[in-house]
Amino acid sequence: MRVPLEPCQPNGHALPAAQVFAVSGLCQQPRFRLQAALASGRMPELDFALLYLGAAEVDLNPAPPGEASMAVEGDDPYFLLRRGLEGGAVVVTARLEWQGGFIVLANDDEAAENLFRQLLADTQPEEIRREWTSDLATLTLYRDLLRAR
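Residues numbered from 1 in each chain as written. Predicted model: local features only at pLDDT ≥ 70, side-chain atom pairs only at ≥ 80, totals over all residues. Heavy atoms only, no water.

K.L.:
Looking at this structure, how should I read the pairing of strand β5 (residues 78-85)?
P.N.:
Consecutive side chains of a regular strand alternate in pointing toward one face of the sheet and then the other. Most of β5 sits inside the fold, with 7 of its 8 residues counted as buried. With 5 bridges joining them, strand β2 (residues 48-52) and β5 adopt antiparallel strand pairing. Residue pairing in the sheet places F48 in a bridge with R82 of β5. In this structure, β5 lies alongside strand β6 (residues 90-97), joined through 8 bridges in antiparallel fashion. Note on β6: the bridge partner recorded for G84 is V91. (Buried < 20%, exposed > 50% of the residue type's maximum accessible area, 1.4 Å probe, protein only. Helix = DSSP H or I, 4+ residues; strand = E, 2+ residues; numbered from the N terminus. Pairing = 2+ DSSP bridges.)

This is the structure in structure tokens:
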């Protein structure tokens, strides 16, 4: 099944789809490695990969001497992948967390399953959930992954 994408608005007003297919779960052995089959995209305007290595803790409110400070932790490392297919009619995205949590989002369930097989099948995934969803938080994450630069 495929849900059509709305034209991506640079001002952020329109969500890219009314539904998104999500594959989520945990990996026993997460790998931050881009397989050769995924490394060569054909849509440079949509294809994107990012390896975020995390940030050190930042003390936003230095405490006076003798008092405890409040440090804010940076994000843990993660890997992002976005792939455009069929002239942009299908866009599949994936986020893999350092600790093994993953989510694959796409407007086409077959494309999401293919990316899951290529990127995550060998990582010993468990607690896998597959579903079409119109949850606002999931749609927003998909929109954000579509716009990642």
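After that view of the structure, there is still more to cover.
K.L.:
Would you explain the packing of aromatic side chains in this entry?
P.N.:
Note on aromatic pairs: each is described by the distance of the centres and the angle between the planes. Tallied over the entire structure, the rule returns 3 aromatic pairs. An angle of 40 degrees between the planes, with centres 5.9 Å apart, marks the rings of F102 and F116 as tilted. One end of the pair, F102, is in strand β7 (residues 101-106); the other, F116, is in helix α2 (residues 109-119), with 14 residues separating them in the sequence. For F102, a relative accessible area of 5% corresponds to the buried category. The ring of Y78 carries the charged tip of R95 above its face, separated from the ring centre by 3.8 Å. The cationic tip of R130 hangs over the ring face of F116; the distance from NZ or CZ to the ring centre is 5.0 Å. (Phe/Tyr/Trp six-rings, centres within 6.5 Å; stacked < 30°, edge-to-face > 60°. Lys NZ or Arg CZ within 6 Å of the ring centre and 35° of its normal.)

That is the geometry; function is a separate question.
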